[in-house]
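Listed below, chain by chain, are the residues.
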Amino acid sequence: MFDAIIKSNNVVMASGIKPAVVAIKNGVIAAVWSSPPPNVEQDIIDLGDKYLMPGIVDPHVHINEPGRTNWEGFDTATRAAIAGGVTTLVDMPLNASPVTTTGQALHQKISAAKENLHTNCGFWGGVVPGNENEIDGLIENGVLGFKAFLTHSGIDEFPNVTEADLRQAMPIIAKHNLPLLVHCELSDNKKYSAHSNPSSYPEYLSSRPRAWEDNAINLMIRLCEEYNCRVHIVHLSSSNSIEPIKKAKEKGLPLTVETAQHYLYFNAEDIPDGQTLFKCAPPIREKENNDLLWDALQSGVIDFVATDHSPAPPDMKEADGGNFMKAWGGIASLQFALPVLWTAAKKRNIPFTQVVKWLCEKPAALINNPFKKGKIEEGYDADLIVLEPNKKFDVTGDIIQHKHKITAYAGETLSGVVEQTWLNGMKIYANNNFLKLNEGKLLLP
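Notes on the structure follow. What you see is a predicted model; the values in this text were computed from it and never measured.

Scoring rules and cut-offs
Residues numbered from 1 in each chain as written. Predicted model: local features only at pLDDT ≥ 70, side-chain atom pairs only at ≥ 80, totals over all residues. Heavy atoms only, no water. Helix = DSSP H or I, 4+ residues; strand = E, 2+ residues; numbered from the N terminus. Buried < 20%, exposed > 50% of the residue type's maximum accessible area, 1.4 Å probe, protein only. Contact = heavy atoms within 4.5 Å. Areas by Shrake-Rupley, 256 points an atom, 1.4 Å probe, with all protein chains shown as cover. Pairing = 2+ DSSP bridges. Axes fitted to C-alpha atoms, helices over the stretch in contact; angles between N-to-C directions. Salt bridge = Lys/Arg side-chain N within 4 Å of Asp/Glu carboxyl O. Right-handed = clockwise from strand over helix to strand, strands pointing away. Phe/Tyr/Trp six-rings, centres within 6.5 Å; stacked < 30°, edge-to-face > 60°. Lys NZ or Arg CZ within 6 Å of the ring centre and 35° of its normal. Polar contact = N/O pair within 3.5 Å; in protein donor to acceptor, adjacent residues only side chain to side chain.

1. Here's the deal with the overall build of the protein
Looking only at helices and strands, one finds 11 helices and 18 strands in the protein. Burial analysis of the protein (445 residues in total) assigns 60% to the buried set. Long-range contacts, defined here as pairs at least 24 residues apart, represent 75% of the contacts in the protein between residues at least 6 apart. Surface accessibility of the protein: about 16,600 Å² in total, with carbon and sulfur atoms responsible for 45%.

2. Overview of the sheet that holds strand E6 (residues 56-61)
Spatial ordering of the open sheet is given by E6-E7-E8, a layout of 3 strands whose pairing is parallel. Taken across any chain shown, the strands that pair with only one partner, and hence form the sheet edges, are E6 and strand E8 (120-123). Averaged over all neighbouring strand pairs, the angle between strand axes comes to 20 degrees, with direction disregarded. Direction of pairing for E6 relative to strand E7 (residues 86-91): parallel, over a ladder of 4 bridges. Of the residues in E7, the one forming a bridge with Val57 is Thr88. Packed onto the sheet, helix H1 (residues 74-83) meets E7 and E8 and runs at close to 140 degrees relative to E7.

3. As for the pattern of salt bridges
Enumeration over the complete set of coordinates arrives at 18 salt bridges. Salt-bridge contacts for Glu226 lead to Arg167; the nearest nitrogen and oxygen are separated by 2.6 Å. Linking Glu226 in helix H6 (residues 210-227) with Arg167 in helix H4 (residues 163-175), this pair joins segments that are 59 residues apart in sequence. Arg208 serves as the salt-bridge partner of Glu185, at 2.8 Å between the closest nitrogen and oxygen.

4. Examining the pairing of strand E13 (residues 255-259)
Within E13, 4 of the 5 residues are buried, which leaves it mostly tucked inside the rest of the structure. Sheet analysis places strand E12 (residues 231-233) next to E13, joined by 3 bridges and oriented parallel. By the bridge assignment, Val231 is partnered in E13 with Leu255. Handedness of the crossover joining E12 and E13 through helix H7 (residues 242-250) is recorded here as right-handed. Here E13 pairs with strand E14 (residues 304-305) via 2 bridges, running parallel. Across the sheet, the residue bridging to Thr259 is Val305, located in E14.

5. Some remarks on the sheet that holds E14
The parallel open sheet is built from 6 strands, whose spatial order is E9-E10-E11-E12-E13-E14. Of all the strands in the sheet, the pair left with one neighbour each is strand E9 (125-126) and E14.

6. Some thoughts on the pairing of strand E5 (residues 51-54)
Judged from the 2 bridges that link them, strand E1 (residues 4-13) and E5 form a sheet pairing that is parallel. Across the sheet, Asn10 pairs through a bridge with Tyr51, a residue of E5. Examined bridge by bridge, E5 and strand E15 (residues 384-394) share 4 bridges and lie antiparallel to one another. Across the sheet, the residue bridging to Met53 is Ile385, located in E15.

7. With respect to unusual backbone geometry
Across the junction of Ser97 and Pro98, the peptide omega takes the value 15 degrees, indicating a cis bond. Summarising the element assignment, Pro98 is placed in the loop between E7 and helix H2 (103-114). The peptide bond linking Ala281 to Pro282 adopts the cis configuration, its omega dihedral lying at -5 degrees. Structurally, the position occupied by Pro282 is in the loop between helix H8 (261-265) and helix H9 (287-299). Non-glycine residue Asn177 carries a positive phi angle of around 55 degrees. Turning to its location among the elements, Asn177 is positioned in the loop between H4 and strand E11 (180-183). The partly exposed category is assigned to Asn177, whose relative accessible area is 44%. Phi at Asn228 takes a positive value of approximately 50 degrees, unusual for a residue other than glycine. Within the secondary structure layout, Asn228 lies in the loop between H6 and E12.

8. Quick word on the packing of aromatic side chains
Applying the stated criterion to the full structure yields 16 aromatic pairs. Note on Tyr51 and Phe352: the rings are 5.4 Å apart at their centroids and 75 degrees apart in plane angle, and the pair reads as edge-to-face. Here Tyr51, found in strand E5, pairs with Phe352, found in helix H11 (residues 352-366); they are 301 residues apart in sequence, far enough to count as distant. When sorted by exposure, Tyr51 lands in the same class as Phe352, which is buried. The ring of Phe434 carries the charged tip of Arg79 above its face, separated from the ring centre by 5.5 Å.

9. Observations regarding the side chain of Asp91
By secondary structure assignment, the location of Asp91 is in strand E7. Looking at Asp91, the relative accessible area reads 0%, which means it is buried. Of the polar contacts made by the side chain of Asp91, one reaches the backbone nitrogen of Ile63; its length is 3.1 Å. Contact partners of Asp91, with chain neighbours within four places excluded, come to Val61, His62, Ile63, Asn64, Phe74, Lys109, Cys121, Gly122, Phe123 and Trp124.

This is the structure we're talking about:
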């Protein structure tokens, strides 16, 4: 007997979308058949034409607990995750207090997560000036890799690193074959005129030019080659860096890159002045730039898409004041990872199988995938989504599960309704109802 058997005319697998039957046992996909074998004598869940796909893996999420749970916390963030079909996420090491730059802080983070974890969750450690002696201990206690900033992070407790700091940390990280995730902006100390009208989006955009990203990425490519350390560029927004990244990959460097949904869905020309819910760093750039990001994603130069869910209370987002220079930079989006990307991809006639690779299979590879996530395949974890791909919905406050009901996607009509989420072989969410909570696992290798 299996724990569950699910049949669909549209099972999304690496080989394509096809009719299949998926059998689950002990939280794992025990078998995938083209049709039910004759000796199976138990009820089969028949989804008809609804899609059965792997759960989403989002390796770029700011949960902010402990210490800043009024921004977001494990309870609200992981509810939003399962409502959106995100069955695995990795929490960033900053925005919480303490920041995850020591073994002791990691233990506090794990303790905060244990009682409020509704999806599977791993953790990144942080690299800051002077903490190179903490790196081995963080690895021993289960971090999946490390995050560093090359510009001010917005959190004083998480200062940016210099090239000298990276030269201390990268040999240690490379020894363990773990990724170093880098926020790539190198400010040049030039005085920009962005403060003349702080509600102007074009002026905010000009205050963080592409050159900041490009210079930082060139630095990380150089260090990646020198130390043979896995480097992952987070939230790429500058199309100028696509060609250097392509050349680095062609040389065989262990370099991977993500972009975020908001760089693919929105364009700078369409963002009204004062609409600070769109503020993020690096900023959302012009349509011409973003079209080139799409091209790089489709060609494989950009590996995948992650939300960079970075929420904050409405007053910190200057939701009423409209001051881009004062507003917290971050877009709340975890719940809408799949429908946002699918809605935008459909307009470009990109097949759904490609979207699933960008949201499931490819991000799972970043964490070395010791947990067997991101595919419907025998032996993989039974983290699954039942999806109505062509059904549409409006983003309104009453459906938002993350802590503050504000998002840049408010008012958008999106395609792709998550009808069910299965986690570790159990149906935990169906038709807007949470069936089981606190079923998430800590991903500590």
